[in-house]
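This is what each chain is made of:
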Amino acid sequence: MILGIETSCDETAAAVVFPDSTIRADVVWSQQEVHSKFGGVVPELASRRHIETIDQVVREALTRAGTGPRELAAVAVTAGPGLIGALLVGVAYGKALAYTCGIPVVAVNHLEGHLSAASLCADPVVPPFVALIASGGHTSLYHVKTWHQTELVGQTLDDAAGEAFDKAASMLGLGYPGGPLIDRLAQGGHPGRARFPKPYPDRVDLNFSFSGLKTALLYYLRDQAKAGHSYEIADVAAGYQHAIVEVLVDKTMSAAQRVGARDVLVTGGVAANSALRARFLEQGRTLGCRIHIPPFGHCTDNAAMIALAGLRLFRDGQTAGLACEPQAHWNLGDERPR
């Protein structure tokens, strides 16, 4: 059995996976109430809350799994990328537990975890496939050739898609986190009544850019106020969301066609967006691709995906020593912390 620990940002999570890859426990402690008043994650507060809750979260995961720490084969922990203070809490706790139990530590890349969410879909997928990881901190396209061979084929040049949703929600006075609020509001609006340009639409270049879209929203709201025009906030949310969804889907499907992939994984917190999920499924049917999206709870940060990645790495003998340290910046394919 493998214990997974995830503390890369503002969720404290622990999960237990059995040898057959069955998730026997999956616990997530959200910090939303801590950060919502600030309109975004405050790193220092996130680290402190991880310290306060991690032991309780791990104990709850072990209790739900009906096991104890002495029955674990290894501890898999997110070692990067992420907020360095938050990562330090999880890595320090994981190393202490591993030392006490005399078992190895497995250092897992957070993005590697999101790719492992492929096993958590209703229709699990194995490589090769194209993966879109879209969240508050990442918007990246990968060609996953094998579990140990991934090629980055596109990434954001500035803001991530999730960040673009958060900033828009702030401008519209909706609160934090912005993604779910924009999604809910947009369902009652019409995107054609508030049109926004597709961000960085060139399909030859599979990179993304969302900073200009945020500026377009800022100017739209300013111009409407100057002209004394009224607008439906739901229409604005729908138009803004439509611009993000279209470019994410277009470039991901273009990447799949370019590398000849028949399977597409969509993961990360933005994958919980209802319009994005619907558009991907529609395009998958049109282009003959199989679309795989994890359940809502496994799109956002969770420890089940870390435990699954850790199980695979443990079986391959890729463990780390107690001297391993977290890395705030760690690209897939870079050397693993030892």
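Quick caveat, the model's predicted, so the values are computed rather than measured. Position numbers for residues count from 1 along each chain, tracking the sequence in the order it is written. Where totals are concerned, whole chains, interfaces and linings use all residues; where local detail is concerned, this predicted model gives features only for residues with pLDDT of at least 70, and gives and counts side-chain atom pairs only at 80 or more. Side-chain descriptors were evaluated using all non-hydrogen atoms of the structure, hydrogens and water having been removed beforehand.

*Asks:* Is there a simple way to think about helix 3 (residues 84-101) in this case?
*Replies:* Working note: α-helix, 3.6 residues per turn, so residues spaced by three or four point in the same direction. Here helix 3 spans 26 Å end to end across 18 residues, near enough to the 26 Å set by a 1.5 Å rise per residue. For helix 3, the set of buried residues is Ala 86, Leu 87, Val 89, Gly 90, Val 91, Tyr 93, Gly 94, Lys 95, Leu 97, Ala 98 and Cys 101. We call two residues contacting when some pair of their heavy atoms lies within 4.5 Å. Think of it this way: any DSSP run of H or I at least four residues long counts as a helix, any run of E at least two long counts as a strand, and we number them from the N terminus. Structurally, helix 3 contributes buried residues whose contacts are with strand 1 (2-6), helix 2 (43-65), strand 4 (74-80) and strand 5 (105-109). The positive-phi residue at the C-terminal boundary of helix 3 is Gly 102, with phi of around 70°. The span you would expect from a helix comes to 1.5 Å times its residue count less one. Classification of residues uses two cut-offs on accessible area relative to the type maximum, computed with a 1.4 Å probe and protein chains only: under 20% is buried, over 50% is exposed, and between them is partly exposed.

*Asks:* Hey, could you run me through the sheet that holds strand 7 (residues 139-146) in this one?
*Replies:* Within a sheet, neighbouring strands are paired by backbone hydrogen bonds and run either parallel or antiparallel to one another. A pair of strands is treated as paired once DSSP finds two or more bridges between them. Strand order in this open sheet of 5 strands is 8-7-6-9-10, and the pairing throughout is mixed. Edge positions in the sheet fall to strand 8 (149-155) and strand 10 (290-292), since each has one partner strand and no second. Strand-to-strand, the axes of this sheet are offset by a mean angle of 25°, without reference to chain direction. Pairing geometry for strand 7 and strand 8, over 6 bridges, is antiparallel. Bridge pairing in strand 8 links Ser 140 to Gln 155. Lines fitted to C-alpha atoms define the axes, with helix axes restricted to the stretch in contact, and inter-axis angles between N-to-C directions lie between 0 and 180 degrees.

*Asks:* Help me out: how do you make sense of the pairing of strand 6 (residues 129-134) in this one?
*Replies:* A regular strand places its side chains so that they alternate between the two faces of the sheet. For strand 6, a buried count of 6 out of 6 residues is recorded, marking the element as mostly surrounded by other parts of the structure. Residues Phe 129, Ala 131 and Ile 133 line one face of strand 6 and the alternating positions Val 130, Leu 132 and Ala 134 line the opposite face, and both faces are buried. For strand 6 and strand 7, the ladder comprises 6 bridges, and the chain directions are antiparallel. When the sheet's bridge partners are listed, Ala 131 is paired in strand 7 with Tyr 142. Where strand 6 and strand 9 (residues 263-267) come together, 4 bridges link them in parallel fashion. Its bridge partner being in strand 9, Ala 131 is matched across the sheet by Leu 265.

*Asks:* I'm lost on the state of the cysteines in this one. Help?
*Replies:* Covalent bonding between the sulfur atoms of two cysteines is what defines a disulfide. Cysteine sulfur atoms that come within 2.5 Å of each other are treated as a disulfide pair. Counted by the stated rule, this structure contains 0 disulfides. Looking at Cys 101, it has no disulfide partner, and the nearest cysteine sulfur is the one in Cys 324, 16 Å off. Taking relative accessible area as the criterion, Cys 101 reaches 16% and is therefore assigned buried. No disulfide involves Cys 299; its nearest neighbouring cysteine sulfur is the one of Cys 121, lying 8.0 Å away. Note on Cys 299: relative accessible area 0%, which makes it buried.

*Asks:* Honestly, the layout of surface pockets in this entry has me stumped. Any pointers?
*Replies:* Leftover empty space is mapped by rolling, across the atoms, a probe with the size of a water molecule. Each cavity reported here is a set of points on a 1 Å grid over the protein atoms alone in which a 1.4 Å probe fits but cannot get out, each pocket an open set with protein on both sides within 12 Å along at least five of seven lines, and each lining residue one with an atom within 4 Å of a point. Grid points are joined across faces, edges and corners, and a volume is the space filled by probe spheres set on the points. If you add up the space inside the second largest pocket, you get close to 230 Å³. Lining the second largest pocket are 14 residues, with Glu 112, His 148, Leu 332, Gly 333 and Arg 336 positioned closest to its centre. Elements that contribute at least two residues to the lining of the second largest pocket include exactly helix 4 (110-116) and strand 8. All residues other than Ala, Val, Leu, Ile, Met, Phe, Trp, Tyr, Cys, Pro, Asp, Glu, Lys and Arg, Gly among them, are scored as polar; the first ten of these are nonpolar and the last four charged. Considering only residue class, the lining of the second largest pocket consists of 4 nonpolar, 6 polar and 4 charged.

*Asks:* Mind showing me how you'd approach helix 8 (residues 233-259) here?
*Replies:* Under the 1.5 Å per step criterion, the end-to-end length of helix 8 is 40 Å for 27 residues, consistent within 8% with the ideal 39 Å. Judged by how many residues are buried, helix 8 sits mostly within the fold: 22 of 27 residues are covered. Just downstream of helix 8, Gly 260 is the residue with a positive phi angle, here 75°.

*Asks:* Honestly, the environment of Glu 33 in this entry has me stumped. Any pointers?
*Replies:* Looking at where Glu 33 falls in the secondary structure, it is placed in helix 1 (residues 32-35). According to the relative accessible area criterion, Glu 33 is partly exposed, its value standing at 46%. Taking the C-alpha atoms as reference points, Glu 33 and Gly 80, separated by 47 residues in sequence, lie 24 Å from one another. Polar contact is the term for a pair of N or O atoms within 3.5 Å; when the atoms are in protein, one must be able to donate a hydrogen and the other to accept it, and sequence-neighboring residues count only if both atoms are side-chain atoms. In this structure the side chain of Glu 33 is engaged in a polar contact, spanning 3.0 Å, whose partner is the side chain of Arg 49.

*Asks:* Explain the pattern of salt bridges here, please?
*Replies:* As a working rule, side chains carrying opposite charge can pair if their charged atoms are close by. Think of a salt bridge as a Lys or Arg side-chain nitrogen and an Asp or Glu carboxyl oxygen that are within 4 Å of each other. Across all of its chains, the model carries 16 salt bridges by this definition. With its nearest N and O atoms 3.0 Å apart, the salt bridge here joins Glu 52 to Arg 49. Here Glu 52 pairs with Arg 49, and both are found in helix 2, just 3 residues apart, close to one helical turn. Looking at Glu 52, the relative accessible area reads 56%, which means it is exposed. Residue Arg 49 is classed as partly exposed on the basis of its relative accessible area of 23%. Residue Lys 145 pairs with Glu 151 through a salt bridge whose shortest N-O separation is 3.4 Å. Given a relative accessible area of 35%, Glu 151 falls into the partly exposed group.

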